[in-house]
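# Commentary on secondary and tertiary structure
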Amino acid sequence: MNVLVTGGCGFIGSNLVKYIRRHRPDWKVVNFDKLTYAGNLENLTELEGDPNHVFVRGDVGNKELIEHLVRLHGIEAVMHLAAESHVDRSILGPEVFTVTNVLGTQVLLEACRATGVKRFLMVSTDEVYGSLGPTGSFTETSPLQPSSVYSASKTSADLMALAYEHTFGLDVVVTRCSNNYGRYQFPEKLIPLMVVNALGDKPLPVYGDGGNVRDWLHVEDHCQALLIALEKGRRGEVYNIGGGAERKNIEIVKGILSALSKPETLIKYVKDRPGHDRRYAIDPAKIKAELGWKPAHTFEQGLAETVRWYVDNRPWWERVMSGAYRQYFDTQYKARLDQAAA
Ligand code: NAD
Ligand code: TYD
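The structure contained in this document is the topic of the report that follows. (Residues numbered from 1 in each chain as written. Chains lettered and ligands numbered in written order. Predicted model: local features only at pLDDT ≥ 70, side-chain atom pairs only at ≥ 80, totals over all residues. Heavy atoms only, no water.)

### What about the pairing of strand E8 (residues 204–207)?
Across the two faces of E8 the burial is the same, with Leu204 and Val206 and Pro205 and Tyr207 all buried. Here E8 pairs with strand E12 (residues 267–270) via 4 bridges, running parallel. Bridge assignment links Pro205 to a residue of E12, and that residue is Lys268. (Buried < 20%, exposed > 50% of the residue type's maximum accessible area, 1.4 Å probe, protein only. Helix = DSSP H or I, 4+ residues; strand = E, 2+ residues; numbered from the N terminus. Pairing = 2+ DSSP bridges.)

This is the structure:
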């Protein structure tokens, strides 16, 4: 099979491209990525010289280029991961979230329709469902109630993909996954940010009371689910993906400090994120029963392995955090700590 993966140089995308090359050695993967601050070719060094991995730099909003690539490489399936992916950034600058996540997805869908792509996997998120109270979990029929600009843009893309199935007959499958963690995650998201800060003996900024809950899944378990959904998912269906590992943020931060033998005095409670969703929890019963997926990692084992990876790969995160990103990060990070002090 010839597959085009968008966003294949980001966190999940780069893990996915490598996962596909390992588990489907006869497939050709065309990796299409704009290389924003979050996309990094260094995530893919182990594929250097691999004739079945082709990298093309481009924007999902470039219809002509995508149509050309689909024809040139005989693309049969598209796995769409390219996105602006961080809630905090969507608060600081909403526009690019609409351009890439909403308009970019629609243009990509149109290119797939025009060229007769056989299957389109829309990689969505559990954040489309909004926030939960202390009990219950999201099923595929839970109401869509996104509350951040990021999640609203992803909901639009998710629904646009389903509309292309319904209206134009494009073969679409949608997945909605919970929070991922693992190697190559950009150090702006909770887990890598806290590891990197702790390693530098810097304060760890915990929003609000630290009691917000996320349902964590190891990125390789997500990659496995995406491959299964691509191959076996039913057209027009939505599949929730989650690992049943609900944790409060503060528990995770303390776990990281303990793994690194750093003191809890590094924890700094800061002003809450505006519109901060309180709790996410996924019910993955459908993908388990229908497609036979189950996660392989426990959270404790996966977190320990991830922390170790960041300890061992300092050159990687120092490089991706340098330059323009460093400026953005230092400004934002300082602002968060200042807000706490105010
Ligand atoms: P990421 O930010 O690490 O990577 C995004 C990638 O998309 C980067 O390589 C970036 O260069 C690329 N990109 C951005 N704009 C582009 C454009 N206009 N054209 C082409 N490429 C572009 O994100 P991630 O955490 O790997 O998430 C990947 C996908 O999975 C996203 O769609 C996200 O919404 C979804 N998702 C993420 C999580 C999570 O916990 N990280 C959970 C569920 C779903
Ligand atoms: P994040 O990794 O940004 O993912 P998402 O917002 O998509 O769930 O954040 C995970 C949780 O961690 C979320 O409740 C916000 C919290 N958080 C902090 O407390 N401090 C931080 O510096 C960051 C980045 C996140």
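### What to know about the site of ligand 2
The environment of ligand 2 is made up of 20 residues, and the closest members are Glu127, Pro205, Arg214, Arg273 and His276. Backbone polar atom of Leu190 to an oxygen atom of ligand 2: 2.8 Å apart, as the coordinates give it. Contact between ligand 2 and Asn249: an oxygen atom at 2.8 Å from a side-chain N or O atom of the residue. Protein burial of ligand 2: of its 510 Å² of free accessible surface, 98% is covered by the chains. Looking at the shell around ligand 2, the elements with two or more residues in it are helix H3 (87–92), helix H6 (190–199) and E8. When its residues are assigned to classes, the shell around ligand 2 shows 8 nonpolar, 5 polar and 7 charged. (Near = heavy atom within 4 Å. Polar contact = N/O pair within 3.5 Å; in protein donor to acceptor, adjacent residues only side chain to side chain. Areas by Shrake-Rupley, 256 points an atom, 1.4 Å probe, with all protein chains shown as cover. Nonpolar A, V, L, I, M, F, W, Y, C, P; charged D, E, K, R; others polar.)

### Some thoughts on helix H7 (residues 219–232)
Along its 14 residues, H7 runs 20 Å from first to last C-alpha, staying within 8% of the 20 Å computed at 1.5 Å per residue. Among the 14 residues that make up H7, 10 are buried, leaving the element largely enclosed by the rest of the structure. (Expected span 1.5 Å × (residues − 1).)

### Topic: the site of ligand 1
Taken together, 29 residues are adjacent to ligand 1, and Ile12, Asp33, Ser85, Tyr150 and Lys154 come closest. At 2.6 Å from an oxygen atom of ligand 1 is found a side-chain nitrogen or oxygen belonging to Lys154. The fraction of the free accessible surface of ligand 1 (830 Å²) that becomes covered by protein chains is 97%. Contributing elements (two or more residues each) for the shell around ligand 1: helix H1 (11–23), strand E5 (119–125), helix H5 (149–168) and strand E7 (179–181). Per-element tally for the shell around ligand 1: the top contributor is E5, with 3 residues.

### As for the sheet that holds strand E6 (residues 172–177)
The 7 strands lie next to each other as E3-E2-E1-E4-E5-E6-E10, forming an open sheet whose pairing is parallel. What marks the edges here is a single partner per strand, and that holds for strand E3 (53–57) and strand E10 (238–241). Averaged over all neighbouring strand pairs, the angle between strand axes comes to 20 degrees, with direction disregarded. H5 contacts E5, E6 and E10 of the sheet and is inclined by roughly 155 degrees relative to E5. (Axes fitted to C-alpha atoms, helices over the stretch in contact; angles between N-to-C directions. Contact = heavy atoms within 4.5 Å.)

Note that every value here comes from positions in space, so none of it alone points to a role or purpose.
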